[in-house]
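# Chains, contacts and geometry: an overview
One-letter residues, chain by chain:
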Amino acid sequence: MTVQVGGKNFTVSCQDGEESYLSSAAEMLDREAQTLVSAGARLTTDRMLLMAGLMLADRAISADEELRGMDRRLAQQTKELDEFRNRPAPAPERVEVEVVKEVEVVREVVPEASIERLEALAKKAEELAAKARENRAVRDGNGKAVAEG
């Protein structure tokens, strides 16, 4: 199989079925090499391939470090999740709720005649109370009646 890196063709071998993978890897290496070529670097083919390989290695190391960090965070979160799942359920809280019942008050209808009779009785009671106050006698310390006044 022939691949192109940095404007140069290279013939390489691979196992059946790996052609696509090799082609993708060569394209990545070529992008790095083209960065060097377009920057005006005058390098031998060996140096160009070495520098492009080192640039790819740098990216791979950075990605690997990021992946390890993500693995650590995932492990920590998994641990916390397991601890949360294994924690006993909290005891239920007792909550008291005031129940308010609305009661409809039924008022009886009082006939007008009864109201008039009650008013007349109230007037009579007031008159009798006034008369009783007028006739009331207060007794002194010797038991002798003394008119109030």
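Below, the structure is looked at part by part. As the structure is a computational prediction, the values presented were derived from the model and not from experiment.

## Brief notes about a nonpolar patch on the surface
The grouping of Leu43, Leu50, Met51 and Leu54 at the surface amounts to a nonpolar patch, some 330 Å² of accessible area in total. Locating Leu50 in the fold gives a position in helix H2 (residues 45-86).

## Re the pattern of salt bridges
Summed over all chains, the structure comprises three salt bridges. Arg59 serves as the salt-bridge partner of Glu32, at 3.0 Å between the closest nitrogen and oxygen. Of this pair, Glu32 sits in helix H1 (residues 19-38) while Arg59 sits in helix H2, placing them 27 residues apart in sequence. For Glu32, a relative accessible area of 5% puts it in the buried group. By relative accessible area, which is 54% here, Arg59 ends up exposed.

So, how was this worked out
- Residues numbered from 1 in each chain as written.
- Predicted model: local features only at pLDDT ≥ 70, side-chain atom pairs only at ≥ 80, totals over all residues.
- Heavy atoms only, no water.
- Patch = residues over 30% accessible without salt bridge, like charges linked within 9 Å, V, L, I, M, F, W, Y side chains within 5 Å.
- Areas by Shrake-Rupley, 256 points an atom, 1.4 Å probe, with all protein chains shown as cover.
- Salt bridge = Lys/Arg side-chain N within 4 Å of Asp/Glu carboxyl O.
- Helix = DSSP H or I, 4+ residues; strand = E, 2+ residues; numbered from the N terminus.
- Buried < 20%, exposed > 50% of the residue type's maximum accessible area, 1.4 Å probe, protein only.

Distances and angles like these do not, on their own, reveal function.
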